[in-house]
Amino acid sequence: MNLDDALAFSHYARRVVDADPALRDALLATLDAPYDWARARTAIDAAAAAPDATGTLGAALRALRARVMVHTLARDLTGRAGLAEVCGAVTTLAEVAIDAAVAATRRELVATHGEPLGSEGGAPQPFVVVGMGKLGGGELNVSSDIDLVFLYPEEGETAGPRVVANREFFDRLGRRVIAMLDDATADGFVFRVDMRLRPYGESGPLTMSYAALENYLVTQGRAWERYAWLKARALTGVPQQELDAIVGPFVYRKYLDYDAYAGLRDVHRQIREQAARRDARDNVKLGPGGIREIEFIVQALQIVRGGREPGLRIRNTRAALAALASRGHLPESAAAALDGAYVFLRDTEHRLQYRDDQQTQALPDDPGELDALARAMRFASAPAFRAALDAHRLEAGRQFESVFGAADADAGTDAEWRSVWDAPDVTDEHVAQLERAGFEDPPALLGTLARARAGTRYSALPAQSKERFDKLVPRMLAAATASPGGSGAQATFMRLLSLLEAVARRSAYLALVIEHPPLIPRLAGLMGASAWAADYLTRHPILLDELLDARVLMEEPDHDAWRAELARMLAENAGDQEREMDALRHFQHAQSFRLLAQDLAGQLTVERLADHLSALADVVLEATLGACWRHLAGADAPPPRFAIIGYGKLGGKELGYASDLDIVFVYDVDPDDPDGDAKLARYSRLAQRMNTWLTSNTPAGQLYDTDLRLRPDGAKGLIASSLGAFKRYQREQAWTWEHQALTRARHCAGDAAIGAAFEAEREAILRLPRDRPKLADEVVAMRRRMHDGHPNPTALFDLKHDAGGMVDIEFVVQYLVLAHAHDHPRLTGNLGNIALLRIAGELGLVPADLAARVADAYREYRKVQHAIRLTGAPHVRVDPAAHAQRRYDVEALWRTCSEVGGPARRRTACRSAGRPRAPDAPASPPPRRVAA
């Protein structure tokens, strides 16, 4: 469309231009740029400041509206402006008009009554105009009402010649503002004003104090009002934070608010009922798949999640939709479809309103009008436009229904189990039913159910929670039979019941499971597969939310995305130490749980899982260091010259789900720095604070257990060491076992320069020439001490600590590195035991085929260890016969290495139950191990 076409389409614009022919020339001159608000504000401010402002400002605002509307529709219809500019222009018009009207009318009232003051003669009280709905979201349509609420901070009275109470003063001010904007004069109106969203609606007071508003929201606020106040924006008088402090706790709960589903479902039903009315079918706002349904999808997800994620507290619909998608709460494809539908529907709405400046969202019945609308939407014909419109509405409607699927979808499938829960008596009928379903011990199960029903935990539940509990037990029985995992139906159900009892007092969790029927089968599958996973989930039930979206749950881990997400979470809670600590825990638990789900699904090898868990620890350590430093030194302080060194499983990137972190804190201070002592003290406090943040139990749980004993001088040493002191200790005082530990150490977080210096020093230490026989004696002595510290009184093989097990392999690798790195620098790489064994074989230090077999043994040991730990077993002990060949190979590798030390060095490293032997060898024990 060109400008003439645009003016021909809009009867309203044609009337305005006909009344003021000069406007057309002005349009031609300004059409290629958005509206000039700087010039408009100057003119309106001058009108508002004039002595007779209330007499002339109204006319000035109405004239401004006409110019803005014609300019905006012309840019939109000619393809020069998108939806954001159109909504922004109308919203800015409302803000300018409200600000000017308040300023002019307040000045007039103050001249008569004086300034309204707070209680006991306090400060002058501002008049707070709150924009609700689309005005609050910055997305007004071109013929929109403006929904307002009027507030003031405190009760009191004016200080002037005619004293009135603050309430009366602001009521008068509010009425005059409404009249200036809403009254229809010869020049038209500025905006229709709707005050019905205020507390108590049309029957409530026009203005209200903060205290009265807060009391209303706490005692009488309804579910739909949470939607309304979600978009509340302070347009005059006070900063937005002041309003948020009152309204935020009403709109958003502290954690995931699945309790809101009952109220949201009622709103959902009302919207659908209205959409089903005959007169709404062709309404692009109220009809099926219309604007209101898209807004509801976004606002419902914001209300449920915004308490825990402040970054979702966004008033603009499209911006909130993008935030939900970026955080994985809506699939990208769904968010893109909803955004496309929203833009199409809002564009259609605007063209309907451009026609005659009427507040309408209904498609015209007249074929000619529909053809004109189609052309304005850039379609060749009305049928083509209708096809595109119907496609958008169909997709929006589908997404609207998916947000709240039927909560009772499983009601039929669990009916057969309801009698078992309602009356868990040991009857022949119940026993037979349970046996047929695969439960191993029906009488014991029925006894458990009877105790649960009679227990104080169940009987003390509120009525609504008890009703939800009663629905969930039969569904869990059904799910346990359908997907018992490897543990059997009964064990799976017992784990589900333990979870249910653990969360029963938190009604939001019960609501979450009720509202998402697919969740229970996923829970059953996960808990049936692993007792450890069941315990982890029971201890951290907030992770139930992670099971909602299987797509996100099984997504390939992205370490850079982890860093970005954790940085965002901490930024949203910046300055609040408790919330930052909880954010770290929520993040670490969520990512660990996702890895656990992928692990149980067979998507990750043990090695790949350990890589991810180690990377996760690195990300958490880096973020914790940054947060602690900001609290200690200030947000604007330069980064600390402070680094974290990981040892053991963390250093070797072999971390498990429950592994503690062996870490050492290292800092660097210039010896000539006059503030050196102060920095040293600060870095010590930083290390202490970091350890506290990592290990403390908060309401969100714990991050990690830590072990700091590998620092110089162990538990007696300083909590943090300078880089120079660390180097001196390693060269002059460290024991051999500390150099063994250094083979698996690496820089994990903090200052990169210190990290590089550490890595260089580590390599230099590992490459020092050593007396190999003496080294062998010391390695064997330490191995014996470790073995003695982990006695195995059983006939089973302790996969980790017994002879021929994992620790033996780790020690022989450490010996090979310390004995030969001087001649073979490749051995200094922190590559893991398997890779280092391969390198030792390639270098000819040990037979390559034997090294490969021991590497395979180590890989298998780790796999078996991991599988057993997932069962929750306290020890990793197995049938020795299954691993006899592997143990024999490990013993053979020790014997091979021992030849370097000579016959005099031959001695047994440790005594263990069940010495290994080759599967086809005689029952006598193999040759005694010769120390490396």
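Conventions used here
Residues numbered from 1 in each chain as written. Predicted model: local features only at pLDDT ≥ 70, side-chain atom pairs only at ≥ 80, totals over all residues. Heavy atoms only, no water. Axes fitted to C-alpha atoms, helices over the stretch in contact; angles between N-to-C directions. Helix = DSSP H or I, 4+ residues; strand = E, 2+ residues; numbered from the N terminus. Parallel < 35°, antiparallel > 145°, perpendicular 65-115°, else oblique. Left-handed = near helix turned anticlockwise from the far one by under 90°. Contact = heavy atoms within 4.5 Å. Nonpolar A, V, L, I, M, F, W, Y, C, P; charged D, E, K, R; others polar. Buried < 20%, exposed > 50% of the residue type's maximum accessible area, 1.4 Å probe, protein only. Pairing = 2+ DSSP bridges. Salt bridge = Lys/Arg side-chain N within 4 Å of Asp/Glu carboxyl O. 1 Å grid on protein atoms, 1.4 Å probe; cavity = no way out; pocket = protein on both sides within 12 Å on 5 of 7 lines; lining within 4 Å. Points joined across faces, edges and corners; volume = space filled by probe spheres on them. Phe/Tyr/Trp six-rings, centres within 6.5 Å; stacked < 30°, edge-to-face > 60°. Lys NZ or Arg CZ within 6 Å of the ring centre and 35° of its normal. Core = buried A, V, L, I, M, F, W, Y, C linked by side-chain atoms within 4.5 Å.

1. Some words on the packing of helix α3 (residues 22-30) against helix α5 (residues 53-77)
Running from N to C, α3 and α5 point in directions that differ by 50°, and their axes come no closer than 11 Å. The orientation of α3 relative to α5 falls into the category oblique. Handedness of the crossing formed by α3 with α5: right-handed. In this structure, α3 uses L23, L27 and T30 to contact α5, whose residues at the interface are R67, V70, H71 and A74. Residue composition of the contact of α3 with α5, grouped by class: four nonpolar, two polar and one charged.

2. Observations regarding the environment of H820
Secondary-structure assignment places H820 in helix α37 (residues 806-820). The class of H820 is buried, set by a relative accessible area of 7%. When sequence neighbours within four positions are dropped, the list of residues in contact with H820 reads R772, L827 and L845.

3. Looking at the packing of helix α25 (residues 519-529) against helix α26 (residues 531-539)
Contact pair α25 / α26: the axes reach a minimum separation of 5 Å and the direction vectors enclose 125°. Classified by the angle their axes make, α25 and α26 are oblique. Together, L523, L526, M527 and A529 of α25 and A531, A533, A534, L537 and T538 of α26 make up the contact between the two elements. Residue classes in the contact of α25 with α26 are distributed as eight nonpolar, one polar and no charged.

4. Notes on the pairing of strand β2 (residues 128-131)
One face of the sheet, then the other: side chains in a regular strand alternate in exactly this way. With burial as the criterion, each face of β2 is covered, one bearing V128 and V130 and the other bearing V129 and G131. As paired elements, β2 and strand β3 (residues 146-152) share four bridges and run antiparallel to each other. Bridging from a neighbouring strand, G131 pairs with L148 of β3. Sheet analysis places β2 next to strand β7 (residues 233-234), joined by two bridges and oriented antiparallel. Across the sheet, G131 pairs through a bridge with R233, a residue of β7.

5. Focus on the pattern of salt bridges
Going through the model one piece at a time under the given rule, you end up with 50 salt bridges. Between D76 and R351 there is a salt bridge whose closest N-O contact spans 2.9 Å. Here the residue D76 occupies a position in helix α5, and R351 occupies one in helix α15 (residues 332-356), the gap between them amounting to 275 residues. The pair formed by D76 and R351 is uniform in burial state, with each residue classed as buried. R196 serves as the salt-bridge partner of D194, at 2.6 Å between the closest nitrogen and oxygen. Judged by its relative accessible area of 11%, D194 falls in the buried class.

6. Looking at empty space enclosed by the protein
One pass over the full model with this rule turns up four cavities of 30 Å³ or more. As a volume, the largest cavity reaches approximately 70 Å³. Mapped onto the lining of the largest cavity, the elements with two or more residues apiece are α37 and α38 (833-842). Looking at which element gives the most residues to the lining of the largest cavity, the answer is α37, with three residues. Taken together, the residues of the lining of the largest cavity break down into four nonpolar, six polar and two charged. For the second largest cavity, the full set of lining residues is Y12, M69, L73, V142, Q353, Y354 and D357. Of all elements in the fold, only α5 and α15 reach the threshold of two or more residues within the lining of the second largest cavity. Partitioning the lining of the second largest cavity into residue classes produces five nonpolar, one polar and one charged.

7. With respect to the packing of aromatic side chains
Counted according to the given criterion, the structure contains 23 aromatic pairs. Consider the rings of F344 and F379, whose centres lie 6.0 Å apart with planes at 70°: the pair is edge-to-face. On the criterion of sequence distance, the pair formed by F344 in helix α15 and F379 in the loop between α16 (367-376) and α17 (382-403) is long-range, its members being 35 residues apart. The exposure class of F379 is partly exposed, given its relative accessible area of 23%. What links up through ring pairs into an aromatic cluster is the set F127, F150, Y152, F169 and F170. Its end group placed over the ring of F189, R65 keeps NZ or CZ at 4.7 Å from the ring centre.

8. Here we look at the nonpolar core
Judged by nonpolar contacts, the single largest core of 171 residues is most densely connected at W229, F493 and F642. In this structure, F493 is in contact with F439, L445, L449, V473, M476, L477 and A480, ignoring residues within four places of it in sequence. Counting residues in each nonpolar core, the second largest holds 67 residues, with Y35, L61, L93 and I146 among its members.

9. Some points on the side chain of H586
Checked against the element boundaries, H586 lands in helix α29 (residues 577-600). Taking relative accessible area as the criterion, H586 reaches 10% and is therefore assigned buried. When neighbours within four sequence positions are excluded, H586 is seen to be in contact with Y255, R308, I542, M569 and A700.

10. Here's the deal with the pairing of strand β9 (residues 661-667)
Burial within β9 is extensive, with seven of its seven residues counted as buried. Alternating positions in β9 separate into two faces, L661, I663, F665 and Y667 on one and D662, V664 and V666 on the other, with burial throughout. The pairing of strand β8 (residues 642-647) with β9 spans six bridges and is classified as antiparallel. The residue of β9 that forms the bridge with I644 is F665.

11. Details of unusual backbone geometry
Its identity as a non-glycine residue notwithstanding, Y200 has a phi of 70°, on the positive side. Residue position: Y200 is located in the loop between β5 (193-194) and β6 (207-209). A positive phi angle is found at K653, which is not glycine, with a value near 55°. Note that K653 resides in the loop between α31 (648-651) and β9.

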